[in-house]
Amino acid sequence: MTAGQAKTRTGPDIEAPQTAQIASVAKALGHPARIAIVSFLMARDGCVAGDIVDAVGLAQSTVSEHLRILKAAGLVTGAIEHPRICYSLNPAAAAPLQALLGELAGHAARPVAACYDPAAPAAPRSLATTKD
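None of the values given here were measured: they were computed from a predicted structure. (Residues numbered from 1 in each chain as written. Predicted model: local features only at pLDDT ≥ 70, side-chain atom pairs only at ≥ 80, totals over all residues. Heavy atoms only, no water.)

Caption draft 1: Quick peek at the overall build of the protein. Along the protein, the regular secondary structure elements total five helices and three strands. In sequence order, the protein lays out its α and β elements as α-α-β-α-α-β-β-α. Counting across all 132 residues of the protein, residues that qualify as buried make up 20%. Looking at the protein alone, contacts between residues at least 24 apart form 49% of all its contacts between residues at least 6 apart. Carbon and sulfur atoms make up 58% of the accessible area of the protein, which amounts to about 9700 Å² in all. (Helix = DSSP H or I, 4+ residues; strand = E, 2+ residues; numbered from the N terminus. Buried < 20%, exposed > 50% of the residue type's maximum accessible area, 1.4 Å probe, protein only. Contact = heavy atoms within 4.5 Å. Areas by Shrake-Rupley, 256 points an atom, 1.4 Å probe, with all protein chains shown as cover.)

Structural data, given as structure tokens:
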């Protein structure tokens with residue numbers, strides 16, 4: 001590792017390159033309008049942007065920006081069918097996020113020891129030993 005590079009900490013089943021992909025997909029899904037667009041596309045094989053505008057009730061320019069973000073994350077693909085663009089989902093792009101969430105759900109089912117217990121006696125402030 002060279003100076004200025006941060007080491008990416010990963011879990012046992014997540015490789016460092018996947019963390020960037022997971023973060024990108026999670027960020028793309030981090031807006032209610034984009035969730036609505038993805039939900040709309042899940043119900044169809046593909047559709048044109050005008051259909052999405054009608055379904056989510058946002059301006060064409062706003063939908064286009066949300067589609068751009070979803071496309072950049074790889075979640076949505078667009079095929080030009082003159083004079084329109086037909087959009088569809090790419091579910092494979094969400095697979096690493098789905099795997100992480102599955103691991104998280106499994107982890108949540110296990111009992112976890114508390115890091116902090118307010119009822120526990122306070123630890124000594126000094127590690128120095130005292131003489132009797």
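The rest of the description comes next.
Caption draft 2: Quick look at the side chain of R34. By the secondary structure assignment, R34 is in helix 2 (residues 32–42). In this structure, R34 is buried with no salt-bridge partner, the nearest side chain bearing the opposite charge being E65 at 6.6 Å. A distance of 2.6 Å separates a polar side-chain atom of R34 from the backbone oxygen of A28. For R34, the contacting residues outside a window of four places in its chain are K27, A28, H66, I69 and L70. (Lys, Arg positive; Asp, Glu negative; His and termini not counted. Salt bridge = Lys/Arg side-chain N within 4 Å of Asp/Glu carboxyl O. Polar contact = N/O pair within 3.5 Å; in protein donor to acceptor, adjacent residues only side chain to side chain.)

Caption draft 3: Region of interest: the pairing of strand 2 (residues 76–81). The sheet contact formed by strand 2 and strand 3 (residues 84–89) spans six bridges and is antiparallel. Each residue of the ladder has a partner; that of T77, found in strand 3, is S88. (Pairing = 2+ DSSP bridges.)

Caption draft 4: Quick peek at the nonpolar core. Counting 20 residues, the largest nonpolar core has I52, L67 and L75 as its most contacted members. For this core, the secondary-structure elements that each account for two or more residues are helix 1 (16–28), helix 2, helix 3 (49–56) and helix 4 (60–72). The element contributing the most residues to this core is helix 2, with four residues. For L75, the contacting residues outside a window of four places in its chain are V25, A28, L29, L70, S88, L89, N90, A93 and A94. (Core = buried A, V, L, I, M, F, W, Y, C linked by side-chain atoms within 4.5 Å.)

Caption draft 5: Structural context of the sheet that holds strand 1 (residues 47–48). Strand order across the open sheet formed by three strands is 1-3-2, with antiparallel pairing between neighbours. With partners counted over all chains shown, the strands left at the sheet margins are strand 1 and strand 2, one partner each. Most of the contacts of helix 2 go to strand 3, to which it runs at about 90°, and overall it touches strand 1, strand 2 and strand 3. (Axes fitted to C-alpha atoms, helices over the stretch in contact; angles between N-to-C directions.)

Caption draft 6: How the structure looks around helix 2. A33, R34, I37, V38, F40 and L41 are the residues of helix 2 that are buried. One side of helix 2 carries all its buried residues, which in axial view fall inside an arc of 160°. The exposed residues of helix 2 that point more than 90 degrees off its buried face are P32 and M42. (Arc of directions from axis to C-beta.)

Caption draft 7: Up close: the pattern of salt bridges. Scanning the entire structure with this criterion turns up one salt bridge. Between R68 and E65 there is a salt bridge, and its shortest N-O distance comes to 2.7 Å. On the criterion of helical spacing, the pair formed by R68 and E65 is a turn pair, its members being three residues apart in helix 4.

Caption draft 8: Just the pairing of strand 3, in detail. Sheet analysis places strand 1 next to strand 3, joined by two bridges and oriented antiparallel. Paired with C47 across the strands is Y87, a residue of strand 3. Hairpin connection from strand 2 to strand 3: two residues lie between these consecutive antiparallel strands.

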